[in-house]
Amino acid sequence: MKLTDILREIEGDEDGMNQLKVRYDLAVQPTNLDAALQAMDDVKNYGIYAQNMRNPEAIKKAFGPSIPAQKAGAAWKDWDTRSDDEKAFKIIDIKNRVPEAWTKAEAEAQAGYEKWQAEGNDGSINDYLFTLSGKLLPKDIIGKYGANYYPMKTPDNLKKYGGKLEQDVHYIVKDGKIVFPYTLENPYKTKPYLSKVLKTIMDNAKVEYQLVDVEQDGGEAPKTLEKAKAEEVPPLTVTTDTKDKADKFRDLLRKELGEVPTAKYEIEPIDINGERKYKVIVTGISKDQRQKLLVRKSTLKEEVDFDYGMYRMRKIAGL
């Protein structure tokens, strides 16, 4: 273990004494090791986390067009076609590859994010970015000629962005387990993210397994990880001027999602700067369902405002 790694693990206890925390490596403990290794070697099991780098279209998706002037436009279109998980994957890649650019992009997005929150939306800055089209992303996410959005096409990057995990490069086999030592690089930087990828691989290959933590010095039996807790999805909220608009918005949101037994649609009166407003609160929906409503929210709001305006005009005209 490097000295810097040791120093990072030292914490002070109540008596002011320092102690060394035990470090664990993530591992897959399968019932059939050979089947698990075959699953790791088959790129089809990686789902959205892998690309076939022998396919020209996959290369273009990973590295952008070969003509630099076309990369920014391609990046906008690529962003618009990505799912929520795929957008998150791209953001992680940019954060890891060009952290300075990401810091600038976050600063650039802050004003829009705060306005988005003031409109009654809940969520992280990533949730806000997911609602933007590619053209409206902060310029530092894309970079000049798409240099931040797309990595350079090099032999090392062809292997890295292929995503396939290789024995003795990304992991080792030890005591019937596939172990990912912290000393080895892997394309999926954090342990929670790597856990998600491994789950996808093993589930797609229908391999029985457990994800375990293995103490690096081998001094203890493997510690089985708890199953990931269900991800908490923040409520989706929309603020309107009138109760009638809130009722209309609630009905449109319910229609947009369709039959979701767990969904709850509530309307809560609130005061903003001394004015009475009405907040529509949607809970009990999945992350993907929330994202679907976020994408449609602006359009639905325009529809509500238009319908309400027509209703007022008819009422004034006595129709």
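Residues numbered from 1 in each chain as written. Predicted model: local features only at pLDDT ≥ 70, side-chain atom pairs only at ≥ 80, totals over all residues. Heavy atoms only, no water.

Caption draft 1: Representation of the packing of helix 2 (residues 33–41) against helix 10 (residues 191–204) in the model. The N-to-C vectors of helix 2 and helix 10 enclose an angle of 110°; their axes lie 9 Å apart at closest approach. With respect to helix 10, the axis of helix 2 lies roughly perpendicular. Between helix 2 and helix 10 the crossing geometry is right-handed. Of the residues in helix 10, those in contact with Ala-36, Ala-39 and Met-40 of helix 2 are Leu-198, Ile-201 and Met-202. (Axes fitted to C-alpha atoms, helices over the stretch in contact; angles between N-to-C directions. Helix = DSSP H or I, 4+ residues; strand = E, 2+ residues; numbered from the N terminus. Parallel < 35°, antiparallel > 145°, perpendicular 65-115°, else oblique. Left-handed = near helix turned anticlockwise from the far one by under 90°. Contact = heavy atoms within 4.5 Å.)

Caption draft 2: Quick look at the pattern of salt bridges. One pass over the structure, following the stated rule, counts 14 salt bridges. As a salt-bridge pair, Asp-78 and Lys-61 come within 2.8 Å of each other at their nearest N and O atoms. You can see Asp-78 sitting in helix 4 (residues 71–81) and its partner Lys-61 sitting in helix 3 (residues 56–63), a full 17 residues away along the chain. Classification of Asp-78 by relative accessible area gives buried; the value is 8%. (Salt bridge = Lys/Arg side-chain N within 4 Å of Asp/Glu carboxyl O. Buried < 20%, exposed > 50% of the residue type's maximum accessible area, 1.4 Å probe, protein only.)

Caption draft 3: Spatial organisation of helix 6 (residues 99–118). Counted at 1.5 Å a residue, the expected span for helix 6 with its 20 residues is 28 Å, and the 28 Å between its end C-alpha atoms agrees. The sharpest bend along helix 6 reaches about 45° and sits at Gln-110. Once helix 6 finishes, Gly-120 follows within two positions and takes phi at roughly 100°, a positive value. (Expected span 1.5 Å × (residues − 1). Bend = angle between axes of the 7 residues up to and from the residue.)

Caption draft 4: Inspection of the packing of aromatic side chains at higher detail. Scanning the model with the defined rule gives six aromatic pairs in all. Between Trp-79 and Phe-130, the aromatic rings sit 6.4 Å apart at their centres with planes inclined by 40°, giving tilted as the arrangement. In this pair, Trp-79 sits in helix 4 while Phe-130 sits in helix 7 (residues 125–130), placing the two residues 51 residues apart along the sequence. According to the relative accessible area criterion, Trp-79 is buried, its value standing at 0%. (Phe/Tyr/Trp six-rings, centres within 6.5 Å; stacked < 30°, edge-to-face > 60°.)

Caption draft 5: Summary view of the sheet that holds strand 8 (residues 236–240). Strands sit in the order 8-10-9 across an open sheet of three strands; the sheet is antiparallel. If you trace the sheet from one side to the other, it starts and ends with strand 8 and strand 9 (264–272), each paired once. On average, adjacent strands in this sheet sit at an angle of 25° to one another, irrespective of strand direction. When strand 9 meets strand 10 (residues 275–283), the two strands line up antiparallel, connected through nine bridges. Counted as the bridge partner of Pro-269 is Tyr-278 from strand 10. Across the sheet, helix 11 (residues 243–257) touches strand 8, strand 9 and strand 10, and the angle it forms with strand 9 is around 150°. (Pairing = 2+ DSSP bridges.)

Caption draft 6: The arrangement of helix 4 in detail. Residues Lys-71, Ala-72, Ala-75, Asp-78 and Trp-79 constitute the buried set of helix 4. The buried residues of helix 4 occupy an angular sector of 120° when the element is viewed end-on, so they sit on one face. When the buried face of helix 4 is taken as reference, the exposed residues oriented beyond 90 degrees from it are Lys-77 and Thr-81. (Arc of directions from axis to C-beta.)

So yeah, pure geometry; function would need other evidence.
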